[in-house]
Every structure is written in C-alpha cells, then in structure tokens.
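Chains, contacts and geometry: an overview
Now for the letters of each chain:
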Amino acid sequence: MEGTNSLTRTRLALQFLKGSKRFFVLGILLASINSIIELVIPRVISFTVDSVIGTKDPDLPKWILSWLNSIGGAEYLRRQLWIVAVIVVSLAVCAALCSFSQRVSNATGAETLVKRMRDMIFRHIEHLPFAWHMKNQTGDIIQRCTSDVDTVKRFLAEQLPSLFRVALLLIMGMIFMIRINLTLSLVAIFTLPIVSLYSAVFHKKIGAQFQKVDENEGVLSTICQENLTGVRVVRAFGREKYECERFGKQNNIFTNLNIRLTKLMSAFWCVGDLITGMQRMLIIVLGSYICVKGRMTAGEFIAFISYNTILTWPIRMLGRMVSEMSKAGISFDRILYIMRSPMEQDKPDALEPDMNKDISFEHVSFQYLPDVPVVKDVSFTIPAGSVFGILGNTGSGKSTIMYLLDRLYELPPEQGRITIGGVDVADMKASWVRKNIGIVLQEPFLFSRTIAENISIGRNKLDMRDVRKASATACLDEAIENFTQGYDTFVGERGVTMSGGQKQRTAIARMLMQNAPILVFDDSLSAVDAETDAKIRHALKENMHGATMILISHRITTLMQADRILVLDNGQVAELGTHQELMENNGIYRRVYDIQMAPEELEA
Ligand SMILES: Nc1ncnc2c1ncn2[C@@H]1O[C@H](COP(=O)(O)OP(=O)(O)OP(=O)(O)O)[C@@H](O)[C@H]1O
Ligand SMILES: [Mg+2]
C-alpha cells in the first residue's frame, strides 16, 4: 500500500511539474555554481594569508599555479594586492548574479507550477461526481486548493532545489575540509549523523502535528464559509452569539495547535543551535591546538572555520527541510485525495439514443448510506410527451428519484434499471442524459452574474431573443422589467437579491433554454403563488408541446391536471393513476386533496 502511495505521489508531482521543470533545473544549476563560488572564496583567502602575506609555497591546482608563475608568482601578488581583492570581488559579484538568476528562475518555475496545479485540481474537481461534492465540505476543499497548494508549491519551488545545493555544499565542503586537516574534519563531521538522527525523530513527531493543524484549519474555513453563505439563517434565528462562540472555540483549538507546533519547532531549532554551537567551540579549541603545534597554518585555520560555517547552514537547512517536507507531504496527500477521487466516467461505447421516449423505472432501490434505504423497489412508466406528477411527503425520495434519472447519483446495476426508450441511462453518456433532461433543482442556485447570463448559462452564446422567450414562458419577464437594469441586472452577492419565487422562475427559464425533450420540475413552483403557478404551467404546455414533463409538488392544484400522478410514501409507490382514479382510491392523495382544498372545514 505504502509503495503504491509513493508511486502515485511521484507521478502526481511529475504531472504538476510538467512545463516548470526546466526552470527548476536551471535554478539548481545556478545554485550549484553559486555554491562552488562560495566554497572557492575561503581558498582564495587562505592562499592570500599563507602564500601572499606569508611565505608558504602556494598549494593551488596546476593550471592556476602556471598562470601565477607566468605573471611573476606570489611575489608579484604581494606587490599588487589589489589583484587578489579584484578576484574576491569578482567572485562575489558572480555569486550574486547567480543567486539573482537562480531566484528569478525558481520563482518563474514556482508560478508556472502553481498555475498548473490550480488548473489541474480545478479541472478534476469540475469532473468529480455530484455525490462526491455532496459528501465533501466546501470549506475544506477550498482550503486544500489554496493553503495546501501553497505549501506544496513552497516545498517544490524552494526546498527541493535547495536540497541539491545543500548536498553539493556538504560534499564539496567536506572534501575541502578533509584536505586541510583530517582530524579536525572528523570532529566537524561527527555532528552530522547526530543532527540527521535528531531530524528524523523530529520529522515523525511534527508530521502528525501538522496534519492536525491543517485539518483544524479546514474546520475553521468550513465554519466561515457556512456562516457567509448561510448568513440569513444565522440572522433569522439570532444565532450570531452561538456562531461566534463556535468560531471562537475552533479558533482557540487552531491557535493552541499552532502554538504547540511553534513550541516544537523552537525546541528543534534550539537543540540544533546547541549542537552546532558546541561543535564550533570544539573546532576552535582543537584547531587552535593544531595550529600551535604547527600542523596547520593560520590561513588554513581561517579557511577551515569558514567551511565549517558554510557547512553549518546546510545542516541547519536539513532540519528546516525535514519540517517543510513533512508539512508538504501532508498537504500533498490532501491534494492527492482530490486528484485520486475517480472522475465521472462513461462506459466505453456509451450511447446517445433518442430521448423523446417512454421513461421507465424498473424495481429501483437506492440508499445514500448503507442500511438506510431511501427508494424501495420503485417501478413506474412515464409515457413520452405526457405530464407526470409526483406527490409525496418530505423525505419520501422524490428528489432522489430525479437525481437517479439524471445520473447525478449512479444506480448500482443490481438495484434496478432506469430506461428511456428501453435504453438504460447507465449505458448512455452522462452529458447526453443531462443535456436531454432539463432539471430545475429544488434549491436553485444563481451565479453572481447578470440575469441574462444566468438564464443562458448552458449556452456558449448569449441570444437575447431566446432569453426573452424562455423568461416569458417562466413568467419572469414582468419581474425583470421592474429591475432598473432589466436583464443586465446583477444577481447574487454582487447585485440584487432575488425573491425565492423569482429565483425559481429564473431557474425555470434557464432550464427551458436547454430545449430538452424531458423537463423535470422538482418542487419548482413552490415559491410562486397559485395563480402564477397555473400561468407558468399553461405557458409550458403551450410552448413545450411534445416534451415529457415531470412535476414534483406538494400542491394538489399543480398536479391534478397531470396525465398520471405517482404518490410516493416513504420511498415506495403508494398510488399511481389519474387524478380521478386517485380520488376514487381514497388513499393518501385523497387525504392531501381534502386537507388542501377545504382547510377551513377540516379545522372546524
Ligand atoms: N446526500 C444524501 N446523503 C444521505 N441521505 C440523503 C442524501 N440526500 C437525501 N438523503 C435522504 O434521503 C431521503 C429522501 O430525500 P429526498 O430529497 O429524495 O426527499 P424528497 O422526497 O425530495 O423530500 P422533499 O419533499 O422535502 O424535497 C431523506 O430522508 C434524506 O434525508
Ligand atoms: Mg425533494
């Protein structure tokens, strides 16, 4: 399991890195050059101290020696000390240039990388099944897409390239040090495994803590998001204080976790400081002794201390990398969770049959959660072109049945069949099913765009003639005329707030633009008055002839003119027939009819 996990992680990382790898490679190359220059400077200084100021024979690579001799040897440099200064300054300038270009290259790579990550994650989320979206919390998903992406970016863009630099500095630095003095080098290197071991232990401990912090940040985001979208409910029920307390509590948990994390990190850095401090002290004492004994020159000692300082950085970086790595690992797994969730997929050779046919439910059973059946062995047929009504108390499974028809939830094959013209919807292309079944969902959602854009959301081009026609059928045109900017009025968060009935009618108009042969209205006329309800139904009948219409409603007047009416009771078919037949049946339908038609008598 672990193996496949790491494989997928790598594969995903490689997918994310596509297009930005070359920037990172260039960055690594420049960082390496920078490190080499950094390592050469102490050599120049030790040479200057020992062979230019002092009289020791220069210990330099052959090609440099022959150049030195050609200009007159160390003697010449002693008279022209400025040359050494120019060499050191030039090296420093080169290092600075490399450092600059490396930063630019890494940053470009990072931005390209994060853009690709965002694009890929968004595209994936867009193709995840409806059921997945229902199961996962929006705030948490948003956090995975923002904060976690950022953490991974930081690691891939900053830490990973540094890893190469650290490795180079460590290896080259050690070689230079060993060449100066083996004993002293062994003492310096001695601390390495201690720090590494310490890092590994810490790595384990901090990982769990980071995960906790991340999860709790997700909870906090969810509370925020819910309170922002559900602001009306909060106000209506006077829940401000309760919600503030809930937020405060979670904020407290999050803060405490962060403080604990900081404490852990501080302890890590402190112990790291202590180890390196002790190591430095040891080197100075031992180095001085070796110098006094004459086994090392002053220049070499200075160079050695410089190398040791240079080496301390990567050792310390190792610690930071470890913590960043564990953090990035957790964030990466959280992104991986999204990317691993299977996208909605059609069967191979999925069909696109004629949809203007009879719809048939055959022994359909469904449950969202194990052992909680919601739809139980439901069978019925809706003849093509007819108006079909569905009545049933809340929670009886009406919306669920429509979700199944539209393939928003997949019906497991052993739990019945839903066919249109004899073809199982499961064998069709999901996009084909949805294109041909227009659904007005029970809770219509409008985007923060203009009314016209909201209505024509399913189309690539805005055709105002069609928009007006659909609005007229949905009896929305009058309402729109009352807005000062008409169809160009912004709705939602950035604009006017529509009434419940206006929203429902906008959703109806939007669905009508689809020109689908099957139209489903899931309680879509509940928020309009009975008169408008009748007007809309009349307009629909006039304009949508030939379409199969499924009306879900709690209102008998909405349903009574349907060709056939299905009564659902607790997920089961209780009654099925025309208004007349159901009235004579004396069952649920009749009871609801009596309650709705003569409320005064009943109350009396
Ligand atoms: N995503 C879900 N996960 C778990 N249970 C669910 C889910 N969606 C709906 N349910 C449950 O399934 C049952 C049927 O829900 P459904 O929305 O189909 O009822 P409905 O007949 O449309 O009710 P209403 O008239 O109130 O719209 C309910 O008990 C509901 O709690
Ligand atoms: Mg419903």
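Residues numbered from 1 in each chain as written. Chains lettered and ligands numbered in written order. Predicted model: local features only at pLDDT ≥ 70, side-chain atom pairs only at ≥ 80, totals over all residues. Heavy atoms only, no water.

This next bit is on the overall build of the chain. Counting secondary structure elements, the chain contains 22 helices and 10 strands. Compactness check: the chain gives a C-alpha radius of gyration of 37 Å against a globular reference of 25 Å for 604 residues, more than 25% above the reference. Reported as C-alpha extents along the three principal axes, the dimensions of the chain are approximately 120 × 50 × 45 Å. Relative to its full complement of 604 residues, the chain shows a buried share of 46%. Restricting to contacts in the chain with at least 6 residues of sequence separation, those with at least 24 account for 75%. Carbon together with sulfur atoms contributes 59% to the accessible area of the chain, which is approximately 32000 Å² in total. The centroid of the 66 positive side-chain charges in the chain is displaced by 13 Å from the centroid of its 62 negative side-chain charges. (Helix = DSSP H or I, 4+ residues; strand = E, 2+ residues; numbered from the N terminus. Rg over C-alpha atoms; globule rule 2.2 N^0.38 Å. Buried < 20%, exposed > 50% of the residue type's maximum accessible area, 1.4 Å probe, protein only. Contact = heavy atoms within 4.5 Å. Areas by Shrake-Rupley, 256 points an atom, 1.4 Å probe, with all protein chains shown as cover. Lys, Arg positive; Asp, Glu negative; His and termini not counted. Charge placed at Lys NZ, Arg CZ, Asp CG, Glu CD.)

Glancing now at the environment of Phe268. You can see Phe268 is positioned in helix 10 (residues 240-292). For Phe268, a relative accessible area of 5% corresponds to the buried category. Separated by 310 residues in the primary sequence, Phe268 and Thr578 place their C-alpha atoms 76 Å from one another.

With that settled, the discussion passes to unusual backbone geometry. If you check the backbone angles, Cys475 has positive phi at about 55° while not being a glycine. The phi angle at Asn570 is positive, at roughly 50°, despite the residue not being glycine. Structurally, Asn570 is set in the loop between strand 9 (564-569) and strand 10 (572-577). In this structure Asn570 comes out as partly exposed when scored by relative accessible area, which is 48%.

Nonpolar side chains in soluble globular proteins tend to end up buried together. By size, the foremost hydrophobic cluster in this structure holds 43 residues, and its most contacted members are Ile451, Ile455, Leu512, Leu519, Phe521 and Tyr589. It is helix 17 (residues 500-512) that provides the largest number of residues to this core, a total of 5 residues. Once residues within four sequence positions are removed from consideration, Ile451 is found in contact with Ile480, Phe483, Gly486, Tyr487, Thr489, Val491 and Met498. Ile359, Leu405, Leu408 and Val520 belong to the second-largest nonpolar core, a separate cluster that totals 36 residues. (Core = buried A, V, L, I, M, F, W, Y, C linked by side-chain atoms within 4.5 Å.)

Turning our eyes to something else, we now look at the site of ligand 1. Taken together, 13 residues form the shell around ligand 1, and within it Gly395, Lys398, Ser399, Thr400 and Gln442 come nearest. At 2.9 Å, a backbone N or O of Gly395 approaches an oxygen atom of ligand 1. In the model, a nitrogen atom of ligand 1 is placed 3.3 Å from a nitrogen or oxygen of the Tyr409 side chain. Looking at the shell around ligand 1, the element that brings in the most residues is helix 12 (residues 398-405), giving 3 residues. (Near = heavy atom within 4 Å. Polar contact = N/O pair within 3.5 Å; in protein donor to acceptor, adjacent residues only side chain to side chain.)

Spatially, 6 strands are ordered 6-7-8-3-9-10 in an open sheet, and the strand pairing comes out mixed. At either end of the open sheet lies a strand with only one pairing partner, and these are strand 6 (437-440) and strand 10. Taking the axes of each pair of neighbouring strands and ignoring which way they run, one obtains an average angle of 15° across the sheet. Judged from the 4 bridges that link them, strand 6 and strand 7 (residues 518-522) form a sheet pairing that is parallel. When the sheet's bridge partners are listed, Ile439 is paired in strand 7 with Val520. Contacts from helix 21 (residues 588-597) reach strand 3 (387-392), strand 9 and strand 10, with the element oriented near 95° to strand 9. (Pairing = 2+ DSSP bridges. Axes fitted to C-alpha atoms, helices over the stretch in contact; angles between N-to-C directions.)

Our next topic: the coordination of the magnesium ion (ligand 2). Protein coordination at the magnesium ion (ligand 2): the donors are Ser399 (OG) and Gln442 (OE1), at 1.9 to 2.2 Å from the metal. Remark: Gln442 occurs in the loop between strand 6 and helix 14 (451-455) and Ser399 occurs in helix 12; sequence separation between them is 43 residues. Its relative accessible area of 35% is what places Gln442 among the partly exposed residues. (Donors = N, O, S within 2.8 Å, 3.2 Å for Na, K, Ca; no water.)

Next up on the list: the domain arrangement of the chain. By the assigned domains, the chain splits into domain 1 (2-340) and domain 2 (359-603). Of note, the centres of domain 1 and domain 2, computed from C-alpha atoms alone, are 57 Å apart. With 4 residues of domain 1 in contact, the opposing surface of domain 2 contributes 5 residues. Summed over both sides, the interface of domain 1 with domain 2 buries roughly 410 Å², with 66% coming from carbon and sulfur. Ranking the residues of domain 1 by area buried against domain 2 places Phe130, Ala131 and Arg232 at the top, with a combined share of 85%. If you look at where domain 1 meets domain 2, you find 0 salt bridges. In this assembly, domain 1 and domain 2 are joined by 0 residue pairs in polar contact (both at pLDDT 80 or more). A total of 3 residues in the side of domain 1 that touches domain 2 trace back to one element, the largest contributor, which is helix 6 (residues 130-135). (Domains from an automatic or database assignment. Buried area = accessible area lost by both parts, 1.4 Å probe. Salt bridge = Lys/Arg side-chain N within 4 Å of Asp/Glu carboxyl O.)

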